[in-house]
Amino acid sequence: MDALVPVQSAGQRLPLRLLSPSLHRCIGSVSIRRSVSGFAMDTRISSRSPSQFTIRSQQSDLKESLGGVASSSDVRIKEWEVDMYQNELAISQGIRIRRKPPSKAPLGYSGPFELRLLNGQVADSPSNILEEITWYKDHEVSRMKELNPLEALKKAVENAPPTRDFVGALRMAHQRTGFPGLIAEVKKASPSRGILKENFDPVEIAQAYERGGAACLSVLTDQKYFKGGFENLEAIRSAGVKCPLLCKEFVVDPWQIYYARAKGADAVLLIAAILTDLEITYLLKLSKKLGLAALVEVHDEREMGRVLGIEGIELVGINNRSLETFKVDISNTKKLLEGEHGRQIREKDMIVVGESGLFTPDDIAYVQAAGVKAVLVGESIVKQNDPEKGIAGLFGRNISQT
Ligand SMILES: O=P(O)(O)OC[C@@H](O)[C@@H](O)c1c[nH]c2ccccc12
């Protein structure tokens, strides 16, 4: 896989600042052609004046032009340099997760950043579970692409039923009950908690959630770490469940957005701990183009600050669980909604979703007081014998619409 990097003079390496997330400092232009089977994206990032930059793609339906002109001269760089740019761009935004195992850069190359040099060695094993899942996902998606080429997916998407309004359902539930709208999660297991529900029937659980008053559902589609699957998403949709469905997946590639849409999703999850600002911007536009809502998930102040700088985000999820350490602390929601960030969110009328570690009416009241208008809950209701009753227990009252 090669990339073309047009620079002011052939061979000159773009200093990292040209790849900086805000881009408006970019004085050159970077064109990265990432051609992975079935999906080629010749992305040109260039800026002529502050705040303008162009993302141009070979895929006509993915063409996103935000203004600006790319320069002409190109030099060829190698895959490991594309990965290096990806890694350095991510590190410049405080992203600790490497998207794939260290690439085969020439011996001794360490780049302007010491990429996780531990005792003088580059760590070529995942440094935490989120990185492990991300590396696995990169490999899994490459395999899935071979079985489901993008062109075939696009045809499936053209014939798919219209999506349901995920954001509207949350707003309506919040207005109807005065409580945060509930995104109830269909989750069999997780790396942090193991098996949550032995006799796991996703359709039965989804129907019980709907009876219990859930506004939307979150359906884990990752099989290896959460024992989920896209067949669950399809089964719930075709069983006639009306709640809009969030495809709970670790998105690392635009192809996954098409696939989620083709399998019946109404919303997708974009995790700021994995994706750069540019990727979130791009995936957000693609999601909207396909009629999908996007829940952009953060866990710390820096990710919240990044996400608030990205245009077009309607839904921000604050995960109280660190996906790197599994530590759960619901005060994280309160912390991230205080001060300037909280003010910006209220000003933009964004919906904040409090995620993870919510078990009691006091927990719901706590995050609601912090400013959330929706909550994403899995363990405390999926493990109940009757998840419908589990929802009433979580809110301390019946929030059902029936
Ligand atoms: O089971 P809990 O503690 O109620 O958490 C649900 C949901 O927030 C959690 O599953 C989650 C939030 N963000 C994620 C990202 C990937 C996988 C899972 C998640």
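Computed from a prediction, not measured in an experiment: that's the story for all the values here.

Asks: Would you take a moment to explain helix 6 (residues 230-238) for this structure?
Replies: At 3.6 residues per turn, the α-helix brings residues three or four places apart onto the same side. Within helix 6, the full set of buried residues consists of Phe230, Asn232, Leu233, Ile236 and Arg237. Each buried residue of helix 6 sits inside an arc of 155° when the element is viewed along its axis, so together they form one side. The inward-facing, buried residues of helix 6 contact helix 2 (129-147), strand 7 (181-186), helix 5 (202-212), strand 10 (216-220), strand 11 (245-248) and helix 7 (255-262). Once helix 6 finishes, Gly240 follows within two positions and takes phi at roughly 90°, a positive value.

Asks: Explain the pattern of salt bridges to me, please; I cannot follow it from the model alone.
Replies: Pairs may arise between side chains of opposite charge once their charged atoms sit close together. Scanning all chains against the criterion turns up 24 salt bridges. Of the charged contacts, one joins Arg306 and Asp277 as a salt bridge, the two residues approaching to 2.5 Å between their closest N and O atoms. Linking Arg306 in helix 9 (residues 301-308) with Asp277 in helix 8 (residues 277-289), this pair joins segments that are 29 residues apart in sequence. A relative accessible area of 12% places Asp277 in the buried class. Linking Lys373 and Asp349 is a salt bridge whose minimum nitrogen-to-oxygen distance equals 3.4 Å. Taken as a pair, Lys373 in the loop between helix 12 (361-370) and strand 16 (374-377) and Asp349 in the loop between helix 11 (339-348) and strand 15 (351-355) lie far apart in primary sequence, 24 residues in all. What makes Asp349 partly exposed here is its relative accessible area of 41%. Salt bridges here are not isolated pairs; linked through shared partners, they connect Lys137, Glu140, Asp222 and Glu249.

Asks: Explain the packing of helix 3 (residues 150-158) against helix 7 to me, please; I cannot follow it from the model alone.
Replies: Helix-helix packing: each pair is described by the crossing angle between the helix axes and the interaxial distance. Where helix 3 meets helix 7, the closest approach of the two axes is 9 Å, and the angle between their N-to-C directions is 35°. When the axes of helix 3 and helix 7 are compared, the crossing they make is left-handed. Counting all contacts with helix 3, which are made through Leu150, Leu153, Lys154, Ala156 and Val157, the residues of helix 7 involved are Trp255, Tyr258, Tyr259, Arg261 and Ala262. A breakdown of the residues in the contact of helix 3 with helix 7 according to their chemical character gives eight nonpolar, no polar and two charged.

Asks: What is the right way to look at the site of the ligand in this model?
Replies: Near the ligand, the surroundings consist of 17 residues, among which Glu185, Lys187, Glu297, Ser356 and Gly378 are the closest. Within the side chain of Glu185, an N or O atom sits 2.4 Å from an oxygen atom of the ligand. At 3.1 Å from an oxygen atom of the ligand is found a main-chain nitrogen or oxygen belonging to Gly357. Relative to its free-state accessible area of 440 Å², the ligand is covered by the protein chains to the extent of 98%.

Asks: Looking at this structure, how should I read the packing of aromatic side chains?
Replies: To describe a pair of aromatic rings, you give the distance between the ring centres and the angle between the ring planes. Under the definition given, this model contains five aromatic pairs. Geometrically, the ring pair formed by Phe179 and Phe395 is edge-to-face, given 5.4 Å between the ring centres and 75° between the ring planes. Taken as a pair, Phe179 in the loop between helix 4 (166-177) and strand 7 and Phe395 in helix 14 (residues 387-395) lie far apart in primary sequence, 216 residues in all. Judged by its relative accessible area of 3%, Phe395 is buried. Centroid distance Phe226 to Phe250: 5.9 Å. Interplanar angle 35°. Geometry classified as tilted. On the criterion of sequence distance, the pair formed by Phe226 in the loop between strand 10 and helix 6 and Phe250 in the loop between strand 11 and helix 7 is long-range, its members being 24 residues apart. Pair check on accessibility: Phe226 and Phe250 agree, each one buried. Chaining the aromatic ring pairs together yields one cluster made of Phe230, Trp255 and Tyr259. A cation over an aromatic ring shows up here: Lys224 above the ring of Tyr136, its NZ or CZ 5.0 Å from the ring centre.

Asks: Explain the packing of helix 5 against helix 14 to me, please; I cannot follow it from the model alone.
Replies: Put simply, helix 5 and helix 14 touch, their axes get as near as 7 Å, and they point 40° apart. The orientation of helix 5 with respect to helix 14, classified from their angle, is oblique. Taken as a pair, helix 5 and helix 14 cross one another with a handedness that is right-handed. Contact residues: helix 5 offers Ala208, Tyr209, Arg211 and Gly212, while helix 14 offers Pro387, Glu388 and Ile391. Its residues placed into classes, the contact of helix 5 with helix 14 shows four nonpolar, one polar and two charged.

Asks: Honestly, the nonpolar core in this entry has me stumped. Any pointers?
Replies: Taken as a class, soluble globular proteins show a tendency for nonpolar side chains to be buried jointly. With 103 residues, the main nonpolar core has Tyr209, Leu217 and Leu270 as its most contacted residues. Ignoring anything within four residues of it in the chain, the contact list for Leu270 reads Val251, Ile257, Leu275, Ile280, Leu283, Leu284, Ala294, Leu295, Val296 and Glu297.

Asks: Would you mind going over the pairing of strand 7 with me for this structure?
Replies: One face of the sheet, then the other: side chains in a regular strand alternate in exactly this way. For strand 7, a buried count of six out of six residues is recorded, marking the element as mostly surrounded by other parts of the structure. Burial along strand 7 is two-sided: the residues Gly181, Ile183 and Glu185 and Leu182, Ala184 and Val186 are all buried. Pairing geometry for strand 7 and strand 16, over four bridges, is parallel. Bridged to Ala184 within strand 16 is Val377. In this structure, strand 7 lies alongside strand 10, joined through four bridges in parallel fashion. If you follow Ile183 over to strand 10, its bridge partner there is Cys216.

Asks: Would you take a moment to explain the side chain of Asn320 for this structure?
Replies: On the secondary structure map, Asn320 appears in the loop between strand 14 (315-319) and helix 10 (331-336). Within the structure, Asn320 has its side chain in polar contact with the backbone oxygen of Ser356 (distance 3.1 Å). When near neighbours in sequence (up to four residues on either side) are disregarded, Asn320 contacts His299, Lys327, Val328, Asp329, Ile330, Asn332, Thr333, Glu355, Ser356 and Leu358.

Asks: Got a minute to help me understand the sheet that holds strand 14 in this structure?
Replies: Two pairing modes exist for strands in a sheet, parallel and antiparallel, and in both the strands are linked by backbone hydrogen bonds. Here we have eight strands rolled up into a closed barrel, ordered 7-10-11-12-13-14-15-16, and parallel in their pairing. The average undirected angle you get between the axes of adjacent strands in this sheet is 25°.

Scoring rules and cut-offs
Starting from 1, residues in each chain are numbered consecutively following that chain's sequence as written. In view of the model being predicted, local features appear only for residues whose pLDDT reaches at least 70, and side-chain atom pairs are presented and counted only at 80 or more, with totals across whole chains, interfaces and linings using the full set of residues. Only heavy atoms go into the side-chain values, all of them from the structure, while hydrogens and water stay out. Relative accessible area decides the class of each residue, using a 1.4 Å probe on protein chains only: under 20% of the type maximum gives buried, over 50% gives exposed, and in between gives partly exposed. Secondary structure follows DSSP: runs of H or I at least 4 residues long count as helices, runs of E at least 2 residues long count as strands, and numbering of each begins at the N terminus. Each direction from the helix axis to a C-beta atom contributes to the arc, which is the arc of those directions. Any two residues whose heavy atoms approach within 4.5 Å at even a single point are treated as in contact. By definition here, a salt bridge exists when the distance from a side-chain nitrogen of Lys or Arg to a carboxyl oxygen of Asp or Glu is within 4 Å. Only the stretch in contact is used when a helix axis is fitted, and all axes are lines through C-alpha atoms; the angle between N-to-C directions ranges over 0 to 180 degrees. Crossing handedness is read from the near helix: turned anticlockwise from the far helix by less than a right angle, it gives a left-handed crossing, and turned clockwise, a right-handed one. Just so you know the grouping, Ala, Val, Leu, Ile, Met, Phe, Trp, Tyr, Cys and Pro go in nonpolar, Asp, Glu, Lys and Arg go in charged, and all remaining residues, Gly too, go in polar. The nearness test applies per residue and asks whether one of its heavy atoms lies within 4 Å of the molecule or strand. Whenever a nitrogen or oxygen atom comes within 3.5 Å of another N or O atom, the pair is scored as a polar contact, on the condition that within protein one atom can donate a hydrogen and the other can accept it, and that pairs from neighbouring residues in sequence are kept only if both atoms are in side chains. All accessible areas in this document rest on Shrake-Rupley with a 1.4 Å probe, and a residue is counted as covered only by the protein chains that are shown. Stacked, edge-to-face and tilted labels apply to pairs of Phe, Tyr and Trp rings (six-membered ring for Trp) whose centres lie within 6.5 Å, assigned for plane angles under 30 degrees, over 60, and everything in between, in that order. Should the NZ of a Lys or the CZ of an Arg lie within 6 Å of a ring centre and within 35 degrees of the ring normal, that charge is described as sitting over the ring. Throughout, the term roughly parallel applies to angles under 35 degrees, roughly antiparallel to angles over 145, roughly perpendicular to angles from 65 to 115, and oblique to all others. Throughout, nonpolar core names a set of buried Ala, Val, Leu, Ile, Met, Phe, Trp, Tyr and Cys residues whose side chains join them through atoms within 4.5 Å. Any two strands are treated as partners once DSSP identifies two or more bridges connecting them.

Keep in mind these numbers describe shape, not what the thing actually does.
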